[in-house]
Amino acid sequence: MNVSVVLFTSDLRLHDHPPLRAALDGSREVVPLFVRDRAVDGAGFAAPNRLAFLADCLRDLDAGLRQRGGRLVLRSGDLVEEVCRVAGEAEADEVHLAADGSAYAQRREERLRHALEAEGVRLHVHGTVTTVVDPGVLAPGSSDHFAVFTPYFGHWSRQRLRDVLGAPRALRVPEGVGSEELPDRKGLSGLSPALAEGGETQGRARLTAWLRSGIPAYEDRHDDLAGDATSRLSPYLHFGALSPVELVHRARAAGGPGAEAFVRQVAWRDFHRQVLAARPGAALADYRTKHDRWRTERTAGEDVEAWREGRTGYPVVDAAMRQLLHEGWMHNRGRLLTASFLTKTLYVDWRIGARHFLDLLVDGDVANNQLNWQWMAGTGTDSRPNRVLNPVTQAKRYDPDGAYVRRWVPELAGLEGAAVHEPWRLRGLDRAAVDYPDPVVDLTDGLARFKRARGRD
Ligand SMILES: Cc1cc2nc3c(=O)[nH]c(=O)nc-3n(C[C@H](O)[C@H](O)[C@H](O)COP(=O)(O)OP(=O)(O)OC[C@H]3O[C@@H](n4cnc5c(N)ncnc54)[C@H](O)[C@@H]3O)c2cc1C
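Conventions and cut-offs
Residues numbered from 1 in each chain as written. Predicted model: local features only at pLDDT ≥ 70, side-chain atom pairs only at ≥ 80, totals over all residues. UniProt positions renumbered as here; feature names shortened; annotations may be inferred. Helix = DSSP H or I, 4+ residues; strand = E, 2+ residues; numbered from the N terminus. Buried ≥ 20, exposed ≤ 12 C-beta atoms within 10 Å, placed from the backbone. Contact = placed C-beta atoms within 7 Å. Domains from an automatic or database assignment. Nonpolar A, V, L, I, M, F, W, Y, C, P; charged D, E, K, R; others polar. Pairing = 2+ DSSP bridges. Axes fitted to C-alpha atoms, helices over the stretch in contact; angles between N-to-C directions. Expected span 1.5 Å × (residues − 1).

**Quick look at the UniProt feature "site: Electron transfer via tryptophanyl radical" (unreviewed entry) in the chain**
The positions that UniProt labels "site: Electron transfer via tryptophanyl radical" (unreviewed entry) are, in the present scheme, Trp294, Trp350 and Trp373. Over a stretch of 80 residues, the named residues converge on one spot in the fold, their C-alpha atoms separated by at most 14.0 Å. Inspection of the secondary structure puts Trp294 in the loop between helix 11 (257-278) and helix 12 (297-309). Here Trp294 falls in the partly exposed class, since 17 other C-beta atoms lie within 10 Å of it. Excluding anything up to four places from it in sequence, Trp294 contacts Tyr347, Val348 and Asp349. In this fold, Trp373 is placed in helix 16 (residues 366-377).

Spelled out as structure tokens, the structure:
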């Protein structure tokens, strides 16, 4: 019997999984393998929230495989060594893997290819598993990647999508390939108390519910902080518990302006991936430097701490930062305004904010996180790099009656309506009754500092 290994990475699902489908071609036996890559864990990506979500995803994948007669094999260590070892134990002659455009994954893939070839095992790498359109597929005539979203989206929208693949009905795993015990989120500490549950089963249920009742209002309500009217599918996409290709097919089939706006947002994910694949250095260095001399942990330590803990004295900023701590997730409008506040109003290095987000976000993703941070810091692909989001104006526009702030900042729950956004306006006994800090910075001073720094005063 011919045997294939399917190496799962950021594609922890059974539906619409091209590597799995290809591995099963010709009724082969398969070894579904996940390797906890020591190098990835060591690089600081093993944040507790994401480890918990990963544990859920692996357990759910294993359960799905068992329903079909298989099981998941888990190993940990050096990914290349472990894949070769498993291929040897199973006497496999091919390994299937999803393409990944990140610099680290590219190097790892090269090492893996060489190591497997030396053993006479073929490596097959499959596109459109973790993206709708893979990095490098679309490029303007003048460059190796798109630096502006709108033309990218035009081309992206016209790409023909491959068909969605069903989950396999049954599979056979060869005997004698041992597995480590699957991790369990119960053994983890430091988790956000209201962290979402991971796994393909959850992801698919959420997608179905979203298409039925959420997507129609997306265009009008996606910025409504209190309404919480976005899909919350980002962690399922990050871990590949949902297929982005299937997501776009199903959203388009749902139709309407809500679906169009939603699909456009999903395209941002591919956009950032193709930028990072072409410019891997942008994970840590300015994509378009403005020669900032940012304030740092050393020069702005107290401001950074206040921002992290949600006690800057700007209620909408604090609400969003506390949502992040509590859920390991934050509303996109909150991400935008807290990132603008840190980089522009406080003039703190975007990398400090990006690191904090990566420490907590369950959807924490190098391409999306670092490049969105750069966008807000004005060092990325934004064509208006000096725009500053005023937290009070943002609060009044996107949380007009203050419900989001009251939900996350209980100290202010007694203030009615939009008054909750400016507690510093309270006087005398009313102010004394509220146990909430004064603003860490005056907005006019913060703006003047930023303009000076960018040579625009
Ligand atoms: C400073 C900052 C940091 C961010 N860090 C991350 C991150 O680490 N991981 C991450 O997935 N997203 C990140 N985003 C993008 C965005 O905020 C989240 O994808 C979104 O809030 C997730 O919620 P949702 O699934 O309900 O989104 P929806 O509004 O329902 O959108 C659907 C999907 O589209 C994609 N998407 C939406 N907006 C963006 C965007 N601006 N850029 C890229 N993809 C997008 C996501 O995959 C999302 O799940 C960041 C944004 C900012 C401003």
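**What to know about the domain arrangement of the chain**
Under the domain assignment used here, the chain contains domain 1 (3-129), domain 2 (131-160 + 201-278) and domain 3 (297-453). Its C-alpha centre places domain 2 at a distance of 26 Å from the equivalent point of domain 3. Listed by partner, the interface residues are 17 residues for domain 2 and 18 residues for domain 3. For the side of domain 2 that touches domain 3, the element with the most residues is helix 11, which contributes 5 residues. Its residues placed into classes, the side of domain 2 that touches domain 3 shows 7 nonpolar, 4 polar and 6 charged.

**Comments concerning the sheet that holds strand 1 (residues 3-8)**
Pairing is parallel in the open sheet, where 5 strands are placed in the order 3-2-1-4-5. Only two strands of the sheet have a single neighbouring strand rather than two, namely strand 3 (73-77) and strand 5 (122-126). Averaged over all adjacent pairs, the angle separating strand axes in this sheet is 30°, with direction ignored. Where strand 2 (residues 29-37) lies against strand 3, 5 bridges are found, and the strand directions are parallel. The residue of strand 3 that forms the bridge with Phe34 is Leu74. The sheet contacts of helix 4 (residues 79-90) involve strand 1, strand 2, strand 3 and strand 4 (94-98), and relative to strand 2 the element is tilted by about 155°.

**Overview of helix 3 (residues 48-67)**
Taking 1.5 Å per residue as the helical rise, helix 3 with its 20 residues ought to reach 28 Å, and the 29 Å between its terminal C-alpha atoms agrees with that figure. Following helix 3 by one or two positions, Gly69 has its phi on the positive side, about 95°.

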